[in-house]
Amino acid sequence: MKQLTDQDETEILDLFLGMYYFQFLASAVELDLFTVLSRSPGLTREEVAEHLKLEIQPARILLLGCGAIGLLRKEGDRYFNTSGAERFFSRAQPANMIPAVRMANHIQFRPMARFAEALRSNTNVGLQEISGSAPNLYMRLAENPPLEQIFHEMMSLVSFGTAAFLAATLDLSRHRRLLDVGGGEAVNATTLAGRWPDLNVTVLDLPTVAETTSARLMEQGMSGRVTTLGGDCFSEELPGGFDAILFSRFLSIWSEEKVRGLLAKAARALPPGASLYVVDALQDDDEMGPPFVAHLCAYFLTLASGEGMARTWSEWTGWLEEAGFTSVSRQPLPGGMSEFLIEAVRK
Ligand SMILES: C[S@@+](CC[C@H](N)C(=O)[O-])C[C@H]1O[C@@H](n2cnc3c(N)ncnc32)[C@H](O)[C@@H]1O
C-alpha cells in the first residue's frame, strides 16, 4: 500500500470523501439508476429524474456525484453508465455487485460510524443500530428477516466464486460426508455436491438460516445429498460421522479462544486422516494490511461479533498444529483479497 506523504493532497482528501463516494454509489443503487440507464442509455437529467421519481435538484446532485466518481459519463446533455457501472451495478448483469452494496449500506454503514466507540469499549457497540437483543450480528439478523435476507444475498454472491474455485481445486473424491459449519445458504455445499456425486454435505447453521436453506434445497431438488442442521456450534460438540469439515468465512469472525475451541472440536469430531478445510482472509505477516482485510477486522469488532480478527498465517499454522492437525497448507483464492483456502489433515 502506498505510504502517503505531505504532497499527496488528493489522496488525503479521498480519505474523508470516501464516505460520500460510497453514498453516491449506494443511493444510485437503491434508486436503480444504473439499471435504468442500462435499459435506456442516454437519458437527460429530466428523464432520469422522472424514471427515478426524483425532483430535478436532487437528481442533478446524484448525477453530479456519480459522474464525479466515474460511474457515469455524459455526451452533450445525455447520461450513460461507464463500463464499470454497467458491469457491477446494473441489474441487467446477472452477476452484479448490488447485494454487496446493499449489505454495506443497510447493515454496515450506520454501525460503522461507531467504530471509535467500539475501539474504546472493545465491544460491538455498532450492533445497537440494529433492533433486537441478540449478542452478535448473525443472531440479531434472525430478529430482522429483511436484513437477514440482504445479508445472505450478499454472502451467496461472494460464495458463488469461492464455490466454483473450491469445486475446481479440491479433490473430494475420497470423502463421503462433509460438514459445512456456518454454511449459510449452502452455495458451497450444493456446488461441491454437484461436483462430487458420492459426497453428502450437511450444512450446520443457526436455526432460522438452516430452515430457510432447507426450504430452498427442497425447491432446488437438492435436499437428497445436501441437508441442513440447525444449531449453535459453540454450545455443542460438532456432530460425528464426517470425514471432512469446512469452515468457510466463519472462523475469523470469532475470538482466539473460540477459534481454538472450534478447531479442537473439529479434531475431536474427525477420524485420523480426515480433512479440514478453512476459507478465510489473512492479514499480512507485518500486520500492515491489506485494506480489504483491515476493513473486515473493523467490521468484526464494531458490528459482527465484537471479538473477531483476520489472523496471520503463523497464527493459523500454530493453532491448527496445536489442535491436532498436520500437513497444513494454503493457497490464495482468486480475486486478490488476501483470502485463502487452508487445508489440513487430522493426525
Ligand atoms: C460470514 S457467513 C459465511 C457463510 C458461508 N460459509 C459462506 O462462506 O458463504 C457466517 C455464517 O455463520 C453462521 N453462524 C453464525 N453463528 C453461528 C453459530 N454459532 N453456529 C453455526 N452457524 C453460525 C451465520 O448464520 C452465517 O450463515
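What comes next is a walk through the structure. The structure displayed is predicted, hence computed values, not measured ones.

### So, the pairing of strand 10 (residues 339-346)
Thinking step 1. Pairing between strand 8 (residues 275-281) and strand 10: seven bridges, direction antiparallel. Looking across to strand 10, one finds that Val279 is bridged to Leu341.
Thinking step 2. Where strand 9 (residues 325-332) meets strand 10, six bridges bridge the pair, whose relative direction is antiparallel. Paired with Thr326 across the strands is Val345, a residue of strand 10.
Thinking step 3. Following strand 9, the chain reverses through six residues before pairing antiparallel with strand 10; Gly335 in that reversal takes a positive phi of roughly 115°.

### A short note on the site of the ligand
Thinking step 1. With respect to spatial proximity, 19 residues lie near the ligand, and among them Ser159, Gly182, Asp205, Asp232 and Ser248 are the closest.
Thinking step 2. Backbone polar atom of Gly182 to a nitrogen atom of the ligand: 2.7 Å apart, as the coordinates give it.
Thinking step 3. Between an oxygen atom of the ligand and a side-chain N or O atom of Ser248, the distance comes to 2.7 Å.
Thinking step 4. About the coverage of the ligand: the protein hides 96% of its 600 Å² of free accessible area.
Thinking step 5. In terms of residue count, the dominant contributor to the shell around the ligand is helix 9 (residues 145-169) (three residues).
Thinking step 6. The residue makeup of the shell around the ligand, split by class, is eight nonpolar, eight polar and three charged.

### Some words on unusual backbone geometry
Thinking step 1. With an omega of 0°, the peptide bond running from Gly289 to Pro290 counts as cis.
Thinking step 2. For Pro290, the location among the structural elements is in the loop between strand 8 and helix 13 (291-304).
Thinking step 3. In the Ramachandran plot, Arg249 falls in the positive-phi region, its phi being about 50° despite a non-glycine side chain.
Thinking step 4. You can see Arg249 is positioned in the loop between strand 7 (244-248) and helix 12 (256-269).
Thinking step 5. Taking the relative accessible area as the measure of exposure, Arg249 reaches 17% and is therefore buried.

### Brief notes about the pattern of salt bridges
Thinking step 1. In the structure shown here, the tally under the stated rule is 15 salt bridges.
Thinking step 2. Glu75 serves as the salt-bridge partner of Arg73, at 2.6 Å between the closest nitrogen and oxygen.
Thinking step 3. Classification of Glu75 as partly exposed rests on a relative accessible area of 46%.
Thinking step 4. Through salt bridges with shared partners, a single network forms among Arg110, Arg114, Glu117 and Glu129.

### A look at the side chain of Arg249
Thinking step 1. Engagement of the side chain of Arg249 in a polar contact is seen with the side chain of Thr162, the distance being 2.9 Å.
Thinking step 2. Side-chain polar atoms of Arg249 contact the side chain of Glu339, separated by 2.8 Å.
Thinking step 3. Excluding anything up to four places from it in sequence, Arg249 contacts Met155, Val158, Ser159, Thr162, Val279, Asp280, Leu333 and Glu339.

### Quick word on the packing of aromatic side chains
Thinking step 1. Scanning the entire structure with this criterion turns up 11 aromatic pairs.
Thinking step 2. A centroid spacing of 6.0 Å and a plane angle of 55° characterise the contact between Tyr138 and Trp254, whose relative ring orientation is tilted. Remark: Trp254 occurs in the loop between strand 7 and helix 12 and Tyr138 occurs in helix 8 (residues 137-141); sequence separation between them is 116 residues. The same class applies to Tyr138 and to Trp254, which are both buried.
Thinking step 3. Seen in terms of ring centroids, Phe234 and Trp254 are 4.9 Å apart; in terms of plane orientation they differ by 70°. Their pairing is edge-to-face. Here Phe234 is found in the loop between strand 6 (226-230) and strand 7, whereas its partner Trp254 is found in the loop between strand 7 and helix 12, with 20 residues between them in sequence.
Thinking step 4. Its end group placed over the ring of Phe242, Arg177 keeps NZ or CZ at 4.2 Å from the ring centre.

### What about the sheet that holds strand 9?
Thinking step 1. Read across the open sheet, the seven strands follow the order 6-5-4-7-8-10-9; overall the sheet is mixed. A strand with exactly one partner marks an edge of an open sheet, and here the two such strands are strand 6 and strand 9. Between one strand axis and the next, the sheet turns by 20° as a mean value, whatever way the strands run.
Thinking step 2. Sheet analysis places strand 4 (residues 177-181) next to strand 7, joined by four bridges and oriented parallel. Its bridge partner being in strand 7, Leu178 is matched across the sheet by Ala244.
Thinking step 3. Lying on the sheet, helix 11 (residues 207-219) is in contact with strand 5 (200-205) and strand 6; it crosses strand 6 at an angle near 160°.

The rules we used
Residue indices begin from 1 for each chain and proceed along its sequence in written order. In keeping with the predicted nature of the model, local features appear solely for residues at pLDDT of at least 70, side-chain atom pairs appear and are counted solely at 80 or more, and the whole-chain, interface and lining totals rest on all residues. The side-chain quantities take in all heavy atoms of the structure and omit both hydrogens and water. For two strands to pair, DSSP has to find at least two bridges joining them. Think of it this way: any DSSP run of H or I at least four residues long counts as a helix, any run of E at least two long counts as a strand, and we number them from the N terminus. Consider each residue's heavy atoms; a residue with any of them within 4 Å of a molecule or strand counts as near. Definition of a polar contact: a pair of N or O atoms within 3.5 Å, with one able to donate and the other able to accept a hydrogen when the atoms are protein atoms, and with sequence-neighbouring residues admitted only if both atoms are side-chain atoms. Computed by Shrake-Rupley with a 1.4 Å probe, the accessible areas treat only the displayed protein chains as cover when residues are assessed. Three residue categories are used. Nonpolar comprises Ala, Val, Leu, Ile, Met, Phe, Trp, Tyr, Cys and Pro, charged comprises Asp, Glu, Lys and Arg, and polar comprises the others, including Gly. Buried means the residue's accessible area, taken with a 1.4 Å probe over protein chains only, is under 20% of the maximum for its type, while exposed means over 50%, and partly exposed covers the values in between. Within this document, salt bridges are pairs made up of a side-chain nitrogen of Lys or Arg and a carboxyl oxygen of Asp or Glu, the two lying within 4 Å of each other. What makes two residues a contact is simply this: any of their non-hydrogen atoms within 4.5 Å. Only centres within 6.5 Å qualify two rings of Phe, Tyr or Trp (six-membered ring in Trp) as a pair; their planes then separate them into stacked at under 30 degrees, edge-to-face at over 60, and tilted for everything else. A ring is considered to have a charge above it if a Lys NZ or an Arg CZ atom is located within 6 Å of its centre and within 35 degrees of its normal. Interaxial angle, 0 to 180 degrees, is taken between N-to-C directions of lines fitted to C-alpha atoms, where a helix line uses only the stretch in contact.

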